[in-house]
Protein chains: 2
Amino acid sequence: MALVNPTQPQAVTTADKVFEQIQHAIVEGHIPAGSKISEPGLAKQFEISRSTLREALNRLEKCHLVERKANVGSRVVDCSIEGLLEIYVVREALEGMACRQAAENMSEQEIAELKSVLAQHAKSQDLKDGVSYYQEEGDLDFHYKVIVGSHNQQLINILCGQLYHLVRMYRIQFGMNSPRATRAFDEHLHIVEAIADRDGELAEILMRRHIAASRKNIEKKIALQSAHSSTEDN
Amino acid sequence: MALVNPTQPQAVTTADKVFEQIQHAIVEGHIPAGSKISEPGLAKQFEISRSTLREALNRLEKCHLVERKANVGSRVVDCSIEGLLEIYVVREALEGMACRQAAENMSEQEIAELKSVLAQHAKSQDLKDGVSYYQEEGDLDFHYKVIVGSHNQQLINILCGQLYHLVRMYRIQFGMNSPRATRAFDEHLHIVEAIADRDGELAEILMRRHIAASRKNIEKKIALQSAHSSTEDN
DNA sequence: CTTAAATAAATTGTCGACAATATTAATGGC
DNA sequence: GCCATTAATATTGTCGACAATTTATTTAAG
């Protein structure tokens, strides 16, 4: 069930396993965003040495979940609204290009698989009109398959290896149970069509608009929230 | 003179310094691409412990200059033609978006600085019609300033922190003394115009075409090379 | 009482050694 | 003579300890 990352092969070493555990804890918010990380503390908590923990921290740094300053220490990244919007901008550019390349490079079998993913979403569509969690997973799954379909190792690395978990972190911590579920699904359909037609240019445009729409949706939401809180302040 | 990376602050720790030295050695080809890295060997060579070396290797991994496999070891990345083209695709997407954001977000002063950089290039333009090395540096410098001008931390991180040295590595190892010097300069001029006009859409298109042109130029070169070598094979 | 300097505590960076795994060399069977 | 298995070697992963630096506390001065 868990999305296996092609860029990060099976965890074998203990540092790998601890990395995954901490990663999960950060993404889910069990280790709060922006908090300082105590190397001796975490090492003791996981019953490993500091060297091993530092190895894990290095990998967390690679996917931008923690930041380190020399002689000072590590902190979990801060979840700011600006940061979230920045990531969406990057995604718009990269996933747009990935989608273009997917249209050019995906095999017929991959396209068939992508279609079947959407078909599955469609089936469970009606019964989950309120429950959007699965749709969240489904959305990620769709995007994931398109990215891998680009067959561009650099794109896959950056999007799946580095940004993927950061995006999940933001989604969870900002509590985004996307109200765009059905519209997003329709957009997915159109994107797949463009890919199946091998129309890279259109595929890129559609994916970019799809992500830009998400971003604008968030911006609107934020604007409402701040407007609401400012009336509360009065 | 040396381009200071805003994402990687001054090296203070010995691991940082060793990292920079190895980075330089890899980019310049003193440590050959694709070669295996012996931890005990390199550690002895730099007169540091393995722990410190591994710390440096982790940073090299972050900017995609070395790859590590569990229980096997580290290798310098391979410089394949496919890899080079993949990077150009990523750059086209990211720098295009960076350019759009630069048009929206750069301060007037930053734009003035960007213009002055080009003016300097123009002055030395006539005397370096054969010598393209400076143009190389100048090209990087221009792109660098645009990226930073996007004011998007994520974009800056990925492009300046991760891809920058990889691009340099490819340029040096494939011996690219861009024969597009004067045309590239003209394209830079048009890009700056678009930025100064705050026309993000045009700025993105121009930057994408600028990078795509470089990519196609390389593709053409490669095609010629392989055609040449195949005739040699006969 | 507030501020500055000095001291103490804690944290990070670096080191060398040992354990686990992978690679190479040697041995034996066919 | 060639392939599989086993032994030997080398390399990577992990550990605990010490050095260097930062942070917190205490002390002293104004």
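Residues numbered from 1 in each chain as written. Chains lettered and ligands numbered in written order. Predicted model: local features only at pLDDT ≥ 70, side-chain atom pairs only at ≥ 80, totals over all residues. Heavy atoms only, no water.

1. Regarding the protein's contact with DNA strand C
The line we're drawing: We call a residue near a molecule or strand when any one of its heavy atoms sits within 4 Å of it. Polar contacts, as counted here, are pairs of nitrogen or oxygen atoms within 3.5 Å of one another; within protein the pair requires one atom able to donate a hydrogen and one able to accept it, and residues that are adjacent in sequence qualify only if both atoms are side-chain atoms. Residues are grouped as follows: Ala, Val, Leu, Ile, Met, Phe, Trp, Tyr, Cys and Pro are nonpolar; Asp, Glu, Lys and Arg are charged; every other residue, Gly included, is polar.
Around DNA strand C there are 20 residues in total, and Arg50 and Arg54 of chain A together with Thr13, Thr14 and Thr52 of chain B lie nearest to it. Among the atoms of DNA strand C lying within 4 Å of the protein, the sugar-phosphate backbone contributes 67%. Arg50 of chain A is positioned such that a nitrogen or oxygen atom in its side chain is 2.8 Å from a base nitrogen of DNA strand C. Between a phosphate oxygen of DNA strand C and a main-chain N or O atom of Ser49 of chain B, the distance comes to 2.9 Å. Residues that form the surface near DNA strand C fall into these classes: seven nonpolar, eight polar and five charged.

2. Some details on the packing of aromatic side chains
Residues and elements named next belong to chain A. Test applied: Aromatic contacts are taken between Phe, Tyr and Trp rings whose centres are within 6.5 Å, Trp giving its six-membered ring; a plane angle under 30 degrees counts as stacked, one over 60 as edge-to-face, and the others as tilted. Burial status follows relative accessibility: with a 1.4 Å probe on protein chains alone, a residue under 20% of its type maximum counts as buried, one over 50% as exposed, and anything between as partly exposed. Charge-over-ring placement is defined geometrically: NZ (Lys) or CZ (Arg) within 6 Å of the ring centre, and within 35 degrees of the ring normal.
Considering all chains together, one arrives at four aromatic pairs over all chains under this definition. Aromatic pair Tyr170 and Phe174: ring centres 5.8 Å apart, planes at 10 degrees, arrangement stacked. Residue classification places Tyr170 among the buried positions, given a relative accessible area of 5%. The ring of Tyr88 has Arg91 lying over it, and the distance from NZ or CZ to the ring centre is 5.4 Å.

3. Thoughts on the pairing of strand S2 (residues 66–69) of chain A
Look at any regular strand and the pattern is simple: side chains alternate between the two faces of the sheet. Counted only if it meets this: Strand pairing is assigned whenever DSSP detects at least two bridges linking the two strands. Secondary structure elements follow DSSP: runs of H or I of four or more residues count as helices, runs of E of two or more count as strands, with numbering from the N terminus.
One ladder, built from four bridges, connects S2 of chain A with strand S3 (residues 73–76) of chain A; its direction is antiparallel. By the bridge assignment, Glu67 of chain A is partnered in S3 of chain A with Arg75 of chain A.

4. Details of the pattern of salt bridges
Note the threshold: Whenever a carboxyl oxygen of Asp or Glu lies within 4 Å of a side-chain nitrogen of Lys or Arg, that contact is scored as a salt bridge.
Inspection of every chain in the model, using the stated rule, returns 32 salt bridges over all chains. Salt bridges here are not isolated pairs; linked through shared partners, they connect Asp16, Glu55, Arg59 and Lys62 of chain A together with Glu39, Arg50, Arg54, Glu61 and Arg68 of chain B.

5. Quick look at the relation of the copies chain B and chain A
The condition that has to hold: Alignment of the copies relies on least squares applied to C-alpha atoms, considering only residues that score at least 70 for pLDDT in both. Here, residues are in contact when the closest pair of their heavy atoms is within 4.5 Å.
Rotating chain B by 180 degrees and translating it 0.0 Å along the rotation axis places it on chain A, where the RMSD comes to 0.1 Å. Accordingly, the operation relating the two chain copies is best matched by a two-fold axis. Every residue of chain B has its C-alpha some distance from the rotation axis, and the shortest such distance is that of Ala93 of chain B, at 2.6 Å. A shared interface surface links the copies, since 100% of the contact residues of chain B are contact residues in chain A too.

6. Structural notes on the sheet that holds S3 of chain A
Strand order in the open sheet formed by three strands is S1-S3-S2 (chain A), and the pairing between neighbours is antiparallel. Every interior strand has two partners, whereas the edge strands, strand S1 (36–37) and S2 of chain A, have only one.

7. Observations concerning helix H7 (residues 153–173) of chain A
All names here are of chain A. Operational definition: By this rule, a helix spans an expected 1.5 Å times one less than how many residues it contains. What is called the bend at a residue is the angle between a pair of axes, fitted to the seven residues leading up to and ending at it and to the seven starting from it.
The terminal C-alpha atoms of H7, which comprises 21 residues, lie 29 Å apart, in line with the 30 Å expected from a rise of 1.5 Å per residue. The sharpest bend along H7 comes to roughly 50 degrees, located at Leu163. In terms of burial, H7 is largely enclosed, as 17 of its 21 residues are buried.

8. A look at the packing of helix H4 (residues 81–105) of chain A against helix H7 (residues 153–173) of chain B
Heads up, the rule is: Between N-to-C directions, angles span 0 to 180 degrees; the directions come from axes that are lines fitted to C-alpha atoms, helices contributing only their stretch in contact. Oblique is the label for every angle not falling under 35 degrees (roughly parallel), over 145 degrees (roughly antiparallel), or within 65 to 115 degrees (roughly perpendicular).
Running from N to C, H4 of chain A and H7 of chain B point in directions that differ by 50 degrees, and their axes come no closer than 8 Å. Here H4 of chain A lies oblique to H7 of chain B, going by the angle between them. The residues of H7 of chain B that touch H4 of chain A, namely those facing Glu86, Ile87, Val89 and Val90 of chain A, are Gln153, Gln154, Leu155 and Ile158 of chain B. The residue makeup of the contact of H4 of chain A with H7 of chain B, split by class, is five nonpolar, two polar and one charged.

9. Quick word on the interface of chain B and chain A
What counts here: Simply put, the buried area is the total loss of 1.4 Å probe accessible area from both parts when two parts are fitted together.
On the side of chain A, 32 residues touch chain B, which itself brings 32 residues to the contact. Across the chain B to chain A interface the summed buried area is about 2500 Å²; carbon plus sulfur atoms make up 56%. The three residues of chain B that bury the most area against chain A are Lys62, Glu86 and Gln154 of chain B, which together make up 22% of that side's buried surface. Where chain B meets chain A, there are eight salt bridges. Note that Glu204 of chain B and Arg208 of chain A form a salt bridge whose closest N and O atoms lie 2.7 Å from each other. When contributions to the side of chain B that touches chain A are tallied by element, the ones reaching two or more residues are helix H3 (50–62), helix H4 (81–105), H7 and helix H9 (200–233) of chain B.

10. Comments concerning the sheet that holds strand S3 (residues 73–76) of chain B
Residues and elements named next belong to chain B. In spatial order, the strands read S1-S3-S2; together these three strands make up an open sheet with antiparallel pairing. Only two strands of the sheet have a single neighbouring strand rather than two, namely strand S1 (36–37) and strand S2 (66–69). In terms of strand pairing, S1 meets S3 through two bridges, oriented antiparallel. What sits directly across from Lys36, in S3, is Arg75.

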